[in-house]
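Structure assessment
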Amino acid sequence: MRKDTRLTTAGRAPEDNHGIVNPPVYHASTVTFPSVAALRDSQRHSLDSIHYGRFGTPTTRAFEEAVAALEGGTRCISMPSGLAAIAGALTALVKTGDHLLITDSVYFPTRRFCAEVLSRFGVEITYYDPRIGAGIADWIRPETVAVFTESPGSLSFEVQDLPAIAEAAHAAGALVLLDNTWSAGYYLAPFTLGVDVSIQAATKFIVGHSDAMLGTITAADESLYRRLKAAVSLSGVCAGPDDCYLGLRGLRSLAPRLARHQATGLAVAEWLDGCPEVAAVLHPALPSFADHALWARDFTGACGLFGVVFEETVSGGARDAFLDALELFGLGYSWGGYESLAIPTNPAAVRSATAWPYRGPSVRLHLGLDDPEDLKADLQAGLAALRQAA
Ligand SMILES: Cc1ncc(COP(=O)(O)O)c(C=O)c1O
């Protein structure tokens, strides 16, 4: 079955539900059993059975099945947010004395979780150049248990050479984790590139409507899934059934939404690339972007999230005037919804292993499902305000 058909069919069983197309939302804490023997049996298979709300319901399982089918993984674990998925996966896989390698382009709250939680438990963290590729081998120590990747980085957009990183990591017995949110699991097949655990903030494109927090951890194989699921279950973390339902509903329209985000994003990125106030457009699908060849090798498309760096002559105040003048772009965190968003960014401030090569102020844009010409007109008004303030 091809990917778009997997998206419309996975996790559905109308024949079990009066023929109704979508799975119902099961709200559950308690699950009752007809006998002591049945109750005990459910405990013996506690990672798989429906026996208590925290371990999952048919709704959460349907969502997980669909995400695993989308990403090509064995099984998926739904989590209450993308950050919970990152924290849950890392916590499941490390112990005191272990060493983690994390890309310098990582989402800042991942870095903060490592610094403020994992470090407290005696896990050592080293940040590496996202463009390191096979050179990651030089950074791996005997106690390195995992290499965390995020590709492209969601602020700076470097694309990572995942197969090269995976080869080096696996040769040393380390796992590779990927924050796969930018591709939505649709434009990158993580497990064919050697990734062991693919994590998404399903809050973004999968939910797609900016109305739910949701995360996913998808594992390459069953034993890794069981290790992750056991640890997540022990910590009591679980995604809510309504949010899983929204995630599942979002998956059904993911392909055409992403196609539109991609087309608008690329058209606007190309146009911005030619504007005199713009020093660089950080969009992996632009041939002018440094990692374009790597993106073209491993990805089948691009979402509508990218960065814009203004010329050094543009002040921070002029950048803010650009943002304040926007009317269609909301100023707000997150991305992946139908609405367009913009934020000021400062990638230099959230790196520790590599230098940020640009000196001008920057923004991040998420191109939503609005008419591309209206978005362009809005950005043109923003640029006029920027020129006036400069
Ligand atoms: C790349 C990336 N990963 C993870 C997250 C965290 O997701 P959530 O907001 O669902 O916790 C975000 C949120 O912005 C993100 O941009």
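Quick note: structure is the one above.
Attention here is on the structure that accompanies the text. (Residues numbered from 1 in each chain as written. Predicted model: local features only at pLDDT ≥ 70, side-chain atom pairs only at ≥ 80, totals over all residues.)

1. Looking at the overall build of the chain
Scanning the chain from terminus to terminus reveals twelve helices and twelve strands. For the chain, the C-alpha radius of gyration of 22 Å lies close to 21 Å, the compact-globule estimate for 390 residues. With the C-alpha coordinates aligned to their principal axes, the bounding extent of the chain is approximately 75 × 50 × 35 Å. Out of the 390 residues in the chain, the part that is buried amounts to 49%. By sequence separation, contacts in the chain at least 24 residues apart represent 74% of the contacts at least 6 residues apart. (Helix = DSSP H or I, 4+ residues; strand = E, 2+ residues; numbered from the N terminus. Rg over C-alpha atoms; globule rule 2.2 N^0.38 Å. Buried ≥ 20, exposed ≤ 12 C-beta atoms within 10 Å, placed from the backbone. Contact = placed C-beta atoms within 7 Å.)

2. Observations regarding helix α11 (residues 316-325)
Along α11, the residues classified as buried are Ala318, Arg319, Ala321 and Phe322. Buried residues of α11, viewed axially, fall in a sector of 155°; they line one side. Those residues of α11 hidden inside the fold are in contact with β9 (305-310), β11 (341-345), β12 (362-366) and α12 (372-389). (Arc of directions from axis to C-beta.)

3. Overview of the sheet that holds β11
Read from one edge to the other, the open sheet built from five strands follows the order β8-β9-β12-β11-β10, with strand pairing classed as mixed. Every other strand in the sheet has two partners, leaving β8 (278-282) and β10 (330-331) as the edge strands with one partner each. Sheet strands touched by helix α9 (residues 254-273): β8 and β9. Its angle to β8, the strand with the most contacts, is close to 155°. Contacting β9, β10, β11 and β12, α11 crosses the sheet at an angle of about 170° to β11. (Pairing = 2+ DSSP bridges. Axes fitted to C-alpha atoms, helices over the stretch in contact; angles between N-to-C directions.)

4. With respect to the environment of Leu375
Looking at the secondary structure, you find Leu375 in helix α12. Of the residues examined, Leu375 has 23 C-beta atoms within 10 Å and is grouped as buried. For the pair Leu375 and Thr354, spaced 21 residues apart in the sequence, the C-alpha separation amounts to 34 Å. Setting aside residues up to four positions removed in sequence, Leu375 forms contacts with Thr264, Val268, Leu328, Ser340, Leu367 and Asp370.

5. Some words on the sheet that holds strand β2 (residues 99-103)
Here seven strands make up an open sheet; going across it, the order is β1-β7-β6-β5-β4-β2-β3 and the pairing mixed. The sheet is open, and its two edges are formed by β1 (75-79) and β3 (124-128), each paired on a single side. Ignoring strand direction, the axes of neighbouring strands in this sheet form an average angle of 20°. Sheet analysis places strand β5 (residues 175-179) next to strand β6 (residues 197-201), joined by three bridges and oriented parallel. Along β6, the bridge assignment pairs Leu178 with Ser198. Across the sheet, helix α3 (residues 58-71) lies against β1, β6 and β7 (215-219), angled at about 125° from β1, the strand it touches most.

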